[in-house]
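Structural overview for review
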Amino acid sequence: MDFSFAIPCFFVEVMRLDAATITALVNSFGEALVSVSQSLGVSVTIDKANVKPGVNASGSRLTASVGFVTSDVQGTVAVMINEDSFSQYVAAMSGGMLKPDVNDPVALSVIGEFANMVGGHATMKVSSERIDLTPPQLFVGHEIKAVSFQGESVKSFTVPFKVKGNGMVFLVLAIHE
């Protein structure tokens with residue numbers, strides 16, 4: 001699956017970042033999100049029409065944010081989900097043993113583990129480059145908007161994925177120059 005269409009031109013033009021590096025990161029994290037979801041039995045499809053610059057994760061309720069560093073670039077990848085997706089991932093990862101309650105730290109840890117799994121799969125996909133990852137940070141709230149600040153040296157964009165039913169998962173990549 002190729003996610004390279006999602007690379008906004010400003011990453012290359014404004015920040016002068018290596019397009020091949022950004023393409024590898026986008027493809028790796030996008031493919032990892034799809035692969036991990038499918039292995040859990042959660043059906044996701046990319047919403048190509050709504051890939052946008054900035055943080056655009058309408059309806060997001062939970063976020064797991066992971067920092068990454070390569071030899072060329074550093075940034076943050078965030079997995080942002082709505083409550084319907086949260087319910088599906090909690091059910092899939094706990095075998096139905098956990099209630100999807102955003103006030104339950106054990107249920108919340110599912111999203112942190114999902115982000116870890118996506119990060120781990122992404123690092124394996126970028127085989128020519130070493131990627132160091134931070135442990136995930138979890139955020140809960142309504143309409144979570146800020147994952148990483150947007151400024152001259154930081155650019156972000158959102159790749160949305162539809163989850164069966166009314167679920168949405170947003171992959172937000174923030175790249176630091």
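Summary of the structure given here.

Digging into the pattern of salt bridges
Inspection of the entire model under this criterion finds one salt bridge. Two residues, Glu83 and Arg61, come together in a salt bridge whose shortest N-O distance is 2.9 Å. Placement of Glu83 in helix α3 (residues 83-94) and of Arg61 in the loop between β2 (52-53) and β3 (62-69) is noted, with a sequence separation of 22 residues between them. Residue Arg61 is classed as buried on the basis of its relative accessible area, which comes to 12%.

A word on α3
Compared with an ideal rise of 1.5 Å per residue, which puts twelve residues at 16 Å, α3 spans 16 Å between its outermost C-alpha atoms and is within 8% of the ideal. Within α3, the full set of buried residues consists of Ser85, Phe86, Tyr89, Val90 and Ser94. Around the axis of α3, the buried residues are gathered within 135 degrees of arc, so they sit on the same side. Gly95 lies just past α3 and shows a positive phi near 65 degrees.

Examining the pairing of strand β8 (residues 167-176)
Counting buried residues in β8 gives nine out of ten residues, a clear majority hidden from the surface. Where strand β4 (residues 74-81) meets β8, eight bridges bridge the pair, whose relative direction is antiparallel. From the neighbouring strand, Ile81 faces β8, where its bridge partner is Val169. Here ten bridges tie strand β7 (residues 154-163) to β8, and the two strands are oriented antiparallel to one another.

Remarks on the packing of aromatic side chains
To describe a pair of aromatic rings, one takes the distance between the centres and the angle between the planes. Counted according to the given criterion, the structure contains two aromatic pairs. Taken together, a centroid distance of 5.7 Å and an interplanar angle of 40 degrees make the contact between Phe29 and Phe68 tilted. In this pair, Phe29 sits in helix α2 (residues 19-40) while Phe68 sits in strand β3, placing the two residues 39 residues apart along the sequence. You can call Phe29 buried: its relative accessible area is 1%. With a centroid separation of 4.4 Å and 40 degrees between ring planes, the pair formed by Tyr89 and Phe114 is classed as tilted. Of this pair, Tyr89 sits in helix α3 while Phe114 sits in helix α4 (residues 105-125), and the two are 25 residues apart along the sequence. Taken individually, Tyr89 and Phe114 each receive the classification buried, so the pair is uniform in this respect.

Reading the values: the criteria
- Residues numbered from 1 in each chain as written.
- Predicted model: local features only at pLDDT ≥ 70, side-chain atom pairs only at ≥ 80, totals over all residues.
- Heavy atoms only, no water.
- Salt bridge = Lys/Arg side-chain N within 4 Å of Asp/Glu carboxyl O.
- Helix = DSSP H or I, 4+ residues; strand = E, 2+ residues; numbered from the N terminus.
- Buried < 20%, exposed > 50% of the residue type's maximum accessible area, 1.4 Å probe, protein only.
- Expected span 1.5 Å × (residues − 1).
- Arc of directions from axis to C-beta.
- Pairing = 2+ DSSP bridges.
- Phe/Tyr/Trp six-rings, centres within 6.5 Å; stacked < 30°, edge-to-face > 60°.

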